[in-house]
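# Inside the fold
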Amino acid sequence: MSTGSPALGSRLDACLAEAVAAEPHMADTAAVIAAIAAASIDISEVIGRGALGGDLAAAGEHNSDGDVQKALDVIAHRRVTEALQGAPVAEVASEEAEGVMHLNPGAPLAVAIDPLDGSSNIGVNMAVGTIFGIRPAVTAEGDPIASFTTPGTAQTAAGFVTYGPATALILTLGHGTQVYVLDRAERAFRLTHAALEVPAAAKEYAVNASNARHWDGPIKAYIEDCLRGAEGPHDKDYNMRWLGSLVADAQRVLMRGGVFLYPGDGRKGYAQGRLRLLYEAAPIAMLMEQAGAGATDGERRILDIAAAGIHERVPLVFGSVEEVASVAKYYDGRNHAAGRSPLFGQRGLMRS
């Protein structure tokens, strides 16, 4: 968070104070992080009660994307927006709101946030989360979303909270990626990992293989070659993981390496995948890069992409740099349809 490393076990507020002492211009960003952290503690408590607190998976209205909102989606959205009203935040782009929300006109920062990632896991006691990216507020006459059309490199900080067996805040202020775990007795986050370093190579990938028939050639070929294991061009056996929760898959990659893939595919409405650039892909990409990993859409660096709309989608590939680079090779113009294979109807690439 600064040029020095805070001691393990330090509280989040102390770490933020240390970061601001080293870089005073980060004071507003630190205040926003503190507000989101406070809201996430409240959300964690709601989730921790499970069905004792009511049916958190109960269906309600539709969100900005047309997806049915669950009760917990609404609760999380309300908690984070209420918290951000007391922070130096001018505007919020939330998955649960159709347009930009205006909080504190003239404030210096804007927040893109997915208040509750992994909604399909709510009713089955699996990990869900909150994802956020913080960036400078931009005022441009005639452009109501100007704050959110800068590339991901404009972010001053990014993070996500995983509500799992432990509630963890994974955070970057642009100087490495840290992990904080919620001390429930104190209602405070404490530092457990001061500087994550994702292994450059790994033997694990995460993808929803049920969509394989809809993938385009490069992704089919890459996954086929992974499935061929040590007998294929990658010369190693892989394990596959898929949790259906972006934050949980991202935390696993950050902690032990691997690659995550959510490509676009041939289904209606899925040409650019299903993940949103502003409040899912860009924050995750910043966290990955600050931990020595990579994040692309298969060809382009995620942080270089500027959104044209607040709910814009993007294919997403992130994780160990060698694996992310390997996926890119399948998109570099080679003839990926040069033959047939029993699995996907494509021959693999990268033959030696």
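Look up: the structure comes first, before these words.
Quick look at the structure, then.

Moving on: the nonpolar core. Soluble, globular proteins show a tendency: their nonpolar side chains are buried together. In terms of nonpolar packing, the biggest core is built from 44 residues, with Phe160, Ile302 and Phe318 touching the most fellow members. Residue contributions to this core peak at nine residues, all from helix α6 (residues 277-290). Beyond its immediate stretch of four places on either side in the chain, Phe318 contacts Leu246, Ala250, Val253, Gly258, Val259, Phe260, Ile284, Met288, Gly294, Ala295 and Val324. Core analysis: the second largest hydrophobic core is formed by 43 residues, Cys15, Ile33, Val89 and Ile122 among them.

A sheet is described by the order of its strands in space; here eight strands give the open sequence β4-β3-β5-β6-β7-β8-β9-β10, paired in mixed fashion. Strands with a single pairing partner mark the edges of an open sheet, and in this sheet they are β4 (101-102) and β10 (188-193). Sheet topology note: the strand β3 (residues 89-94)/β4 ladder contains two bridges and is antiparallel. Within β4, the residue paired with Glu91 across the bridge is His102. In the packing of helix α3 (residues 71-85) onto the sheet, contacts are made with β3, β4 and β5 (109-117), and the angle to β5 comes to roughly 155°.

This next bit is on α3. The terminal C-alpha atoms of α3, which comprises 15 residues, lie 22 Å apart, in line with the 21 Å expected from a rise of 1.5 Å per residue. Within the span of α3, buried status applies to Leu72, Asp73, Ile75, Ala76, His77, Val80, Thr81 and Leu84.

A separate point is the packing of helix α5 (residues 246-256) against α6. Contact pair α5 / α6: the axes reach a minimum separation of 11 Å and the direction vectors enclose 15°. By the angle between their axes, α5 is roughly parallel relative to α6. Judged by the sense of rotation from one axis to the other, the crossing of α5 with α6 is right-handed. Within the contact between the two elements, α5 uses Leu246, Ala250, Val253 and Leu254 and α6 uses Glu280, Ile284, Leu287 and Met288. Looking at side-chain class alone, the contact of α5 with α6 contains seven nonpolar, no polar and one charged residues.

By the criterion of burial, β5 is predominantly enclosed, with nine of the nine residues buried. Note: β3 against β5, five bridges, orientation parallel. Paired with Ala93 across the two strands is Ala112, which belongs to β5. Here seven bridges tie β5 to strand β6 (residues 128-136), and the two strands are oriented antiparallel to one another. Looking at the pairing, Asp114 lines up with Ile131 of β6.

Parameters and conventions
Residues numbered from 1 in each chain as written. Predicted model: local features only at pLDDT ≥ 70, side-chain atom pairs only at ≥ 80, totals over all residues. Heavy atoms only, no water. Core = buried A, V, L, I, M, F, W, Y, C linked by side-chain atoms within 4.5 Å. Buried < 20%, exposed > 50% of the residue type's maximum accessible area, 1.4 Å probe, protein only. Helix = DSSP H or I, 4+ residues; strand = E, 2+ residues; numbered from the N terminus. Contact = heavy atoms within 4.5 Å. Pairing = 2+ DSSP bridges. Axes fitted to C-alpha atoms, helices over the stretch in contact; angles between N-to-C directions. Expected span 1.5 Å × (residues − 1). Parallel < 35°, antiparallel > 145°, perpendicular 65-115°, else oblique. Left-handed = near helix turned anticlockwise from the far one by under 90°. Nonpolar A, V, L, I, M, F, W, Y, C, P; charged D, E, K, R; others polar.

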